[in-house]
Each structure stands twice: as C-alpha cells, then as structure tokens.
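Examining the three-dimensional arrangement
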Amino acid sequence: MSQFTFPILHLLADGQFHSGEALAQHFKVTRATIWNAVQHAQNLGVEVFSVRGRGYKLPQAIELLDEKLVLAAIGEQRAWFKLEVLDEITSTNTYLMQQKNAAHATCVVAHVQTHGKGRRGRTWVSQLGASLTFSLLWRFQCGAAALSGLSLAVGVALIRALNSLGVNDAQLKWPNDVLVTENNTPKKLAGILIELQGDLEGPSAAVIGVGFNLNLPDKVLSSIDQPAIDLTTVSTSPINQSALLGVLLKHLADVLSSFEQHGFVGLRDEWLSYHAYENKPVRMLLPNGTEVVGLVKSVADDGILLVETALGLQRFSAGEISLRNLSL
Ligand code: BTN
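First things first, this report covers the structure right here in the doc. Residue positions are given per chain, counted from 1 along the sequence in the order it is written. Only residues with pLDDT of at least 70 are given local features in this predicted model, and only at 80 or more are side-chain atom pairs given and counted; all residues enter the totals for whole chains, interfaces and linings. Only hydrogens and water are set aside when side-chain values are computed; all heavy atoms of the structure are taken into account.

Description of the environment of glutamine 98
In DSSP terms, a helix is any run of H or I states spanning at least four residues, a strand is any run of E spanning at least two, and both are numbered starting from the N terminus. Relative to the assigned elements, glutamine 98 resides in helix H5 (residues 92–98). It is 24 Å that separates the C-alpha atoms of glutamine 98 and alanine 153, two residues lying 55 residues apart in sequence.

A short note on the site of the ligand
Nearness here has a simple test: a residue counts as near a molecule or strand if at least one of its heavy atoms is within 4 Å of that partner. Near the ligand, the surroundings consist of 20 residues, among which Ser91, Gln113, Lys117, Arg119 and Lys188 are the closest. Counted as a polar contact is a pair of N or O atoms within 3.5 Å, where, for protein atoms, one must be capable of donating a hydrogen and the other of accepting one, and residues adjacent in sequence contribute only when both atoms are in side chains. At 3.1 Å from a nitrogen atom of the ligand is found a side-chain nitrogen or oxygen belonging to threonine 92. Within the backbone of asparagine 93, one N or O atom sits 3.5 Å away from a nitrogen atom of the ligand. Under the convention used here, a 1.4 Å probe and the Shrake-Rupley method define accessible areas, while residue burial counts only the protein chains that appear. When isolated, the ligand has an accessible area of 420 Å², and the protein chains bury 98% of it. Of all the secondary-structure elements, those providing two or more residues to the shell around the ligand are H5, strand E5 (131–140), strand E8 (185–198) and strand E9 (204–213). The greatest single-element share of the shell around the ligand, amounting to 4 residues, is contributed by E8. Only Asp, Glu, Lys and Arg are considered charged, only Ala, Val, Leu, Ile, Met, Phe, Trp, Tyr, Cys and Pro nonpolar, and every remaining residue, Gly among them, polar. Per-class residue counts for the shell around the ligand are 5 nonpolar, 11 polar and 4 charged.

Digging into the environment of leucine 83
Looking at the secondary structure, you find leucine 83 in strand E3 (residues 82–89). Exposure classes here rest on a 1.4 Å probe applied to the protein chains alone. A residue is buried below 20% of its type maximum, exposed above 50%, and partly exposed in between. The exposure class assigned to leucine 83 is buried, which follows from its relative accessible area of 13%. Distance from leucine 83 to cysteine 107, taken between C-alpha atoms, is 4.9 Å for residues 24 residues apart in sequence. Contacts are assigned to residue pairs that have any heavy atoms within 4.5 Å of one another. Those residues in contact with leucine 83 that lie beyond four places of it in its chain are Glu67, Val70, Leu71, Cys107, Val109 and Leu245.

Here's the deal with empty space enclosed by the protein
Lining residues are those with an atom within 4 Å of a point, where the points come from a 1 Å grid over the protein atoms alone and group into cavities, where a 1.4 Å probe fits but cannot get out, or pockets, open sets with protein on both sides within 12 Å along at least five of seven lines. Grid points are joined across faces, edges and corners, and a volume is the space filled by probe spheres set on the points. Summed over the entire model, instances satisfying the criterion amount to 1 cavity of 30 Å³ or more. Around the largest cavity, the lining residues are Leu64, Leu65, Ala110, His111, Leu128, Gly129, Ser131 and Gln241. Across the lining of the largest cavity, the residue classes tally to 4 nonpolar, 4 polar and no charged.

With respect to the packing of aromatic side chains
Two aromatic rings, taken as a pair, are described by how far apart their centres are and by the angle between their planes. Geometry of aromatic contacts follows a simple scheme: Phe, Tyr and Trp rings, the Trp one being its six-membered ring, pair when their centres are within 6.5 Å, and the pair is stacked under 30 degrees between planes, edge-to-face over 60, tilted otherwise. Tallying each qualifying case throughout the model produces 4 aromatic pairs. On the basis of an interplanar angle of 50° and a centroid distance of 6.4 Å, the ring pair of phenylalanine 81 and tryptophan 138 is categorised as tilted. You can see phenylalanine 81 sitting in the loop between helix H4 (67–74) and E3 and its partner tryptophan 138 sitting in strand E5, a full 57 residues away along the chain. Taking the relative accessible area as the measure of exposure, phenylalanine 81 reaches 9% and is therefore buried. Summarising the aromatic geometry, the rings of phenylalanine 140 and phenylalanine 259 are spaced 6.1 Å apart at their centres and angled 75° between planes, so their arrangement reads as edge-to-face. Of this pair, phenylalanine 140 sits in strand E5 while phenylalanine 259 is found in helix H9 (residues 241–262), placing the two residues 119 residues apart along the sequence. Accessibility assignment for this pair places phenylalanine 140 and phenylalanine 259 in one class, buried. An aromatic cluster is present here, built from Trp80, Phe81 and Trp138 joined pairwise through their rings.

Looking at helix H3 (residues 31–43)
Side chains that are three or four residues apart share a direction in an α-helix, a result of its 3.6 residues per turn. To estimate how far a helix should reach, multiply one less than its number of residues by 1.5 Å. In this model, H3 (13 residues) spans 18 Å end to end at C-alpha, consistent with the 18 Å of a helix rising 1.5 Å per residue. Residues of H3 that are buried: Ile34, Ala37, Val38, His40 and Ala41. Projected down its long axis, H3 carries its buried residues within an arc of 155°, all on one side. Elements that come into contact with the buried residues of H3 comprise helix H1 (5–12), helix H2 (20–27), strand E2 (55–57) and E3. Just past H3, the residue glycine 45 takes up positive phi, approximately 95°. Think of the arc as the fan of directions from the helix axis to the C-beta atoms.

Some remarks on the pairing of strand E12 (residues 305–309)
Burial of E12 is extensive: 4 of the 5 residues sit out of reach of the surface. Pairing between two strands requires that DSSP report at least two bridges joining them. Hairpin geometry of strand E11 (residues 291–299) and E12 is characterised by an intervening segment of 5 residues between the two adjacent antiparallel strands and by a positive phi of about 90° at glycine 303. Bridge count between E12 and strand E13 (residues 312–316): 5 bridges; the pairing is antiparallel. Paired with valine 307 across the two strands is glutamine 314, which belongs to E13.

Rendered as structure tokens:
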C-alpha cells in the first residue's frame with residue numbers, strides 16, 4: 001500500500017503521459033517512491049503503461065468519483081445521505097457491516113475493492129473504472145423478519161435509475177440481478193448483496209451492496225463466471241459514474257421509503273413488469289446441492305418466488321438459491 005497510489009491515479013486519470021520526474025516533483029518525493037506507488041496500482045489490477053523517456057500513462061482516460069457530482073445528481077434528497085468516497089477497501093459491504101454506529105443512509109463507495117463479495121459466497125470481480133461498487137446502510141424500525149422482499153425492492157430502484165438514464169431494456173432476475181439481453185443471451189449488468197444487522201423483531205438495518213458493471217475490459221469480462229455486460233455497451237450515450245451513483249441513490253431513497261411504508265407488496269406489480277423469467281422454464285439450484293426444474297409463475301407479496309414444478313406450486317425464498325434459465 002502506498003499513500004501516493006491514488007493521488008497519482010487522480011493525475012493519470014486524464015489518460016495522458018506524466019513523467020516520473022514531474023510526478024516526483026509534484027508530490028515532493030523521489031522517483032522510486034512514485035515507481036513503488038505505481039507498482040501498488042498494478043497489484044490492484046490497474047493497468048499503467050510505463051514508457052522510458054515519456055513516463056506513466058493509463059490505457060485510456062477514466063473518470064474517478066466526484067462527491068459534488070454525486071450529490072448534485074441525487075437532487076432534493078441529497079441531505080438524506082452521508083457519502084463516503086474511499087479509494088481502496090476490501091469490500092464496502094464488509095466495511096459498513098463493521099461500523100455498528102453508522103448513520104442511517106450512509107453510502108460508502110470505493111474506487112477499488114480488493115475482496116468484493118457476491119451472493120452465495122462468490123466474489124465480485126472488478127478493477128478501477130470497471131464497475132461502480134457501493135453500499136448503503138438503511139435503518140428500519142421493523143425487524144429483519146419483515147425485510148423479505150427488500151432485495152427485490154432494490155432491484156426496482158436500479159431499473160428506475162436505468163430508465164431515467166435512457167437504458168430501457170434492463171430486466172430483473174429473481175431475486176435481484178439486473179440483466180440485459182444481448183444476442184439472445186441474458187447478461188448481468190448489476191448485482192445486489194444485502195446483509196442484515198439487528199433483531200428479527202426489530203429494529204434492524206440493512207447493508208445494501210450494489211455492483212454495477214461500467215466498462216469491463218476483456219480480461220475482467222473473461223474472468224467472470226457468467227455472461228456479463230456493461231453500461232458502456234448498453235447505453236447509447238456516455239454515463240458518468242458519479243451521476244449514475246447519484247441517480248441510483250435518489251431512486252433507492254424513493255423505493256426504500258415506499259418499502260418502509262407498504263413493504264414489497266407496493267412495488268410487486270412494477271417488479272413483475274421487469275421480470276425476465278416470467279412464465280419461463282428454470283432450474284433452481286438448492287443449498288443441499290439438489291436441483292428443481294419448473295416454470296416460473298410469479299413472485300408473492302413477500303418476494304417469494306412461485307414455481308410450478310412436478311410437485312405442484314412451490315415457494316422459494318432467496319437465501320442461497322441460484323436460478324438458471326433452462327434455455328441457457
Ligand atoms: C451478486 O450479484 O452476487 C451481488 C454482487 C454485489 C457486489 C457489491 S459491490 C459493492 C458491495 N460490496 C461488496 O463486497 N459486494 C457488494
């Protein structure tokens with residue numbers, strides 16, 4: 001870890017060459033310190049070209065997170081949020097889960113996560129500029145038992161945000177993946193990982209982690225164990241990641257307020273209108289390793305998935321279940 005890695009990356013973000021000497025002068029350190037800091041960036045998976053006589057350069061210009069732009073994009077509800085922009089962290093979810101006294105609506109966003117977590121023990125693969133990774137802490141008066149359906153509600157907020165940015169073909173896969181279909185293949189654009197704190201009876205808190213693919217280099221794309229797609233591919237106009245975060249937080253504030261008042265039932269019809277697998281054949285992978293095949297019927301008022309199987313209509317709760325389209 002070098003304290004100069006991210007300050008240097010902020011300068012290299014313009015995509016231009018910066019000589020080691022100029023960087024050393026700028027930070028009043030030796031060229032060896034600059035070299036070490038660049039090595040650390042490379043250890044984080046950031047590609048930095050080093051050309052003798054010219055200096056250091058990123059493969060392309062990148063936009064780093066800008067707190068002011070995030071707050072401006074949230075709009076009127078900006079005062080609700082406490083925003084923390086971090087350069088490097090293991091996982092924004094882990095970080096927030098450890099802050100037992102974090103304020104309601106604290107949002108932690110990181111340029112780089114070294115141990116990003118996905119659902120079902122998976123890792124969330126990313127690197128600088130490739131995806132937007134943030135977690136939002138939301139406190140509820142009700143207990144954790146009443147939060148079933150929360151992850152589906154969050155999916156609704158993500159689709160609303162995408163629609164408002166002109167991306168209209170995104171869909172939801174139960175319980176909470178955001179998909180876009182390309183060449184007849186549903187591909188993952190964003191994922192949600194919710195971790196709960198507090199009692200079953202209440203009060204409780206949810207750490208809502210969102211990973212949003214922005215611009216996946218081929219190397220990252222090929223290391224992801226399922227079809228994935230990024231915002232650069234699905235959007236017709238460039239979307240700045242700070243603006244995206246602000247718009248996501250605005251819609252999360254709306255949806256979470258509605259969820260607090262009415263539960264998932266108030267958002268269910270909208271969720272179903274985005275449902276990628278309605279009436280589609282699926283294969284459910286259960287925690288005990290068995291598989292169930294069936295036809296997706298709907299989701300219930302509490303977010304439970306209803307699947308018509310050989311044994312009749314069965315109910316599945318999110319937990320550790322993985323759902324696959326049978327036609328994949
Ligand atoms: C999934 O689709 O499996 C869930 C992915 C969730 C990834 C996000 S990135 C920000 C937050 N911090 C984490 O470690 N994970 C979530």
